[in-house]
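Descriptive structure summary
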Amino acid sequence: MFKAKLLKSTPKIKEVSINSSDEITIKQINRALKALSLEYKRVDEIDIYNIFRFIKESSKG
């Protein structure tokens, strides 16, 4: 069963910037999908933001 969260308005999301010299690989996206439990879910804009944020945070180390 899927649950949806109804929002009153469009969420305000700050831009996540990744340096143009950085490349995002399919491997990184797959790892982020697994970590965020999004493997078998329809991905929306907020999920994409979280994927990029996860990749950015995990590549800092």
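Structure: see above.
A brief look at the structure comes next. All values reported here derive from a predicted model rather than from experimental measurement.

Once that is clear, we can look at the nonpolar core. Ala 32, Leu 33, Leu 38, Ile 51 and Ile 55 form the largest nonpolar core, which has five residues in total. Every residue in contact with Leu 38, bar those within four places of it in the chain, is listed here: Leu 33, Val 43, Asp 47 and Ile 51.

It is worth spelling out helix H1 (residues 26–35) at this point. Regarding H1, the residues found buried are Gln 28, Ala 32 and Leu 33. Projected down its long axis, H1 shows its buried positions confined to an angular sector of 135°, all on one face. Those residues of H1 that are exposed and aimed more than 90 degrees away from the buried face are Ile 26, Lys 27 and Lys 34. Note on H1: the residue one or two positions beyond its end, Ser 37, has a positive phi of about 55°.

Attention now moves to the pattern of salt bridges. Inspection of every chain in the model, using the stated rule, returns one salt bridge. A salt bridge links Lys 41 to Asp 47; its shortest N-O distance comes to 2.9 Å. Given a relative accessible area of 36%, Lys 41 falls into the partly exposed group.

A cluster of nonpolar side chains, contributed by Ile 24, Val 43, Ile 48 and Phe 52, occupies part of the molecular surface with about 280 Å² of accessible area. Within the secondary structure, Ile 24 sits in the segment before H1.

With respect to the secondary-structure elements, Asp 47 resides in helix H2 (residues 45–58). In this structure Asp 47 comes out as buried when scored by relative accessible area, which is 8%. Within polar-contact distance, the side chain of Asp 47 engages the side chain of Lys 41 at 2.9 Å.

About the cut-offs
- Residues numbered from 1 in each chain as written.
- Predicted model: local features only at pLDDT ≥ 70, side-chain atom pairs only at ≥ 80, totals over all residues.
- Heavy atoms only, no water.
- Core = buried A, V, L, I, M, F, W, Y, C linked by side-chain atoms within 4.5 Å.
- Buried < 20%, exposed > 50% of the residue type's maximum accessible area, 1.4 Å probe, protein only.
- Contact = heavy atoms within 4.5 Å.
- Helix = DSSP H or I, 4+ residues; strand = E, 2+ residues; numbered from the N terminus.
- Arc of directions from axis to C-beta.
- Salt bridge = Lys/Arg side-chain N within 4 Å of Asp/Glu carboxyl O.
- Patch = residues over 30% accessible without salt bridge, like charges linked within 9 Å, V, L, I, M, F, W, Y side chains within 5 Å.
- Areas by Shrake-Rupley, 256 points an atom, 1.4 Å probe, with all protein chains shown as cover.
- Polar contact = N/O pair within 3.5 Å; in protein donor to acceptor, adjacent residues only side chain to side chain.

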